[in-house]
Every structure is written in C-alpha cells, then in structure tokens.
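What the coordinates show
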Amino acid sequence: MKRMLLIISMVFTAFASGCASREGSAVGGALGGAALGVGGYEYSAHRQMEQVDADYRAGRIDRREYEIRKNQIQKGSLFQR
C-alpha cells in the first residue's frame, strides 16, 4: 500500500511540475505515464503473490514450488519485498 501511495504522489508531482511550460508538460506527461505503468506492473505482481500464497495455503502447491514462484515474482518486481 505504501508503494502505491508513493507512485500516486510521483504522478501528482510530475503533473504539477509539468504545468509550468510546454516542454514541462511533455516531461510531466511522460513521467506520469511511466509512473502509472510501474504502478500497474507492481499491482499485478502483488496480485500474483497473493495467488501464490492462496495456492500454498490451500495445498495446491508444496513449499518448494511456493519458494520458486515467490522468487520469480520478486525478481520481476521493481520494489523488493
């Protein structure tokens, strides 16, 4: 949740700083788009991790498979959990 708040604040900062000039608007838009993209990617990783946890708790995967999948998700994440 803290990561999402950080990303949202980055987007607002980018938009606010981008309103000063035409070039700033382009830069602000690019930064805002990048921040939204990262946020979406991180949200997807969070959902994948929740699914792995649920699979492990339900007994659909064993501890070894859980650790493998968890490591794969973490390696693809920009923010290490």
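All chains use their own residue numbering, which begins from 1 and follows the written sequence. Residue-level local features of this predicted model are given only where pLDDT is at least 70; pairs of side-chain atoms are given and counted only at 80 or more, and the full residue set underlies all totals for whole chains, interfaces and linings. Remark: hydrogens and water are excluded; side-chain values derive from all non-hydrogen atoms of the structure.

1. Quick word on the environment of Asp-53
A run of DSSP states H or I qualifies as a helix once it reaches four residues; a run of E qualifies as a strand once it reaches two. Both are numbered from the N-terminal end. Looking at the element boundaries, Asp-53 is found in helix α2 (residues 22–58). C-alpha separation for the pair Asp-53 and Lys-70, spaced 17 residues apart in sequence, amounts to 8.7 Å.

2. Points about the pattern of salt bridges
Pairs can form between side chains of opposite charge once their charged atoms are near each other. The salt bridge criterion pairs a side-chain nitrogen of Lys or Arg with a carboxyl oxygen of Asp or Glu, the two atoms within 4 Å. Counted by the stated rule, this structure contains 4 salt bridges. As a salt-bridge pair, Glu-50 and Arg-47 come within 3.9 Å of each other at their nearest N and O atoms. Residue Glu-50 and its partner Arg-47 are both found in helix α2; the two are separated by 3 residues, about one turn of the helix. Using a 1.4 Å probe on the protein chains alone, a residue whose accessible area is under 20% of its type maximum counts as buried, one over 50% counts as exposed, and one in between counts as partly exposed. Assessed through its relative accessible area of 47%, Arg-47 is described here as partly exposed. The residue Glu-67 makes a salt bridge to Arg-63 at a minimum N-O spacing of 3.1 Å. With Glu-67 and Arg-63 both in helix α3 (residues 63–76) and 4 residues apart, this pair spans about one turn of that helix. Looking at Glu-67, the relative accessible area reads 25%, which means it is partly exposed. For Arg-63, a relative accessible area of 46% translates into the label partly exposed. One connected set of salt bridges, linked through shared partners, spans Asp-55, Arg-60 and Arg-69.

Keep in mind that these numbers describe shape and distance, not what the molecule does.
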